[in-house]
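# Fold and geometry: a report
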Amino acid sequence: MARFDPARILRASHIRYGKIRISGVPAILLGVSAIVAVAGTTRALRAAAPSLADVFREATKLVDAVRTDRGDQHRLNA
């Protein structure tokens, strides 16, 4: 059975993104917080799923209304 070795885990924990390099405890905390954030976002989307169709429909109508108003203003100003 393998022993728990926290020093080895800390040495093996690295995150590299471009020029940014994080290692040790901050890398572990960043990884755990990313997992928690994704889980929370997934849960929120699952709860909001029944109303998303209405939100997208209303957003589309709003964009069409704004575009139509701008077109009328350009015609009136010309």
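Along each chain, numbering runs from 1 in the same order as the chain's sequence is written. At least 70 in pLDDT is required for a residue's local features to be given in this predicted model, at least 80 for side-chain atom pairs to be given and counted, and no such filter applies to totals for whole chains, interfaces and linings, which use all residues. Side-chain metrics in this entry use all non-hydrogen atoms of the structure; hydrogen atoms and water are not considered.

## Some details on the overall build of the protein
This is how it is decided: Only DSSP runs of H or I covering at least 4 residues are called helices, and only runs of E covering at least 2 are called strands; the numbering of each starts at the N terminus. The buried label applies to any residue whose accessible area, calculated with a 1.4 Å probe on protein chains only, is under 20% of its type's maximum; exposed applies above 50%, and partly exposed to all values in between.
Looking only at helices and strands, the protein has 2 helices and 2 strands in total. Ordered by position in the sequence, the α and β elements of the protein form the string α-β-β-α. Classification of the 78 residues of the protein by burial places 4% in the buried group.

## With respect to the pattern of salt bridges
We count it as follows: For this document, the term salt bridge refers to a Lys or Arg side-chain nitrogen within 4 Å of an Asp or Glu carboxyl oxygen.
Tallying each qualifying case throughout the model produces 1 salt bridge. Among the salt bridges present, the one from arginine 57 reaches aspartate 54, with a minimum N-O distance of 2.8 Å. Of this pair, arginine 57 and aspartate 54 both sit in helix H2 (residues 25–77), 3 residues apart, roughly one helical turn. A residue is classified by how much of its surface remains accessible, and arginine 57, at 42% relative accessible area, is partly exposed. Note on aspartate 54: relative accessible area 39%, which makes it partly exposed.

## As for the pairing of strand S1 (residues 14–17)
What counts is decided by this rule: Two strands pair under a simple rule: DSSP has to find at least two bridges between them.
Across 4 bridges, S1 lies against strand S2 (residues 20–23) in antiparallel orientation. Considered in S2, the bridge of tyrosine 17 is made with isoleucine 20. Turn length for the S1-S2 hairpin, with the two strands adjacent in sequence and antiparallel, is 2 residues, and the turn residue glycine 18 shows positive phi of about 65°.

## Some details on the side chain of serine 13
To keep it simple, the criterion reads: Any two residues having at least one pair of non-hydrogen atoms within 4.5 Å are treated as being in contact.
With respect to the secondary-structure elements, serine 13 resides in the loop between helix H1 (6–12) and S1. Discounting residues that sit within four places of it in the chain, serine 13 has contacts with Ile22, Ser23, Gly24, Ala27 and Ile28.

## Some details on a nonpolar patch on the surface
Selection criterion: The patches described consist of residues with a relative accessible area above 30% and no salt bridge, like charges being joined within 9 Å and nonpolar side chains (Val, Leu, Ile, Met, Phe, Trp, Tyr) within 5 Å. To be clear on the numbers: accessible area is Shrake-Rupley with a 1.4 Å probe, and residue cover counts the displayed protein chains and nothing else.
Among the surface-exposed residues, Phe4, Ile9, Leu10, Val25, Ile28, Leu29, Val32 and Val36 lie close enough to one another that they form a single nonpolar patch of about 740 Å² accessible area. Counting residues per element, the nonpolar patch draws most heavily on H2, at 5 residues.

That is the geometry; function is a separate question.
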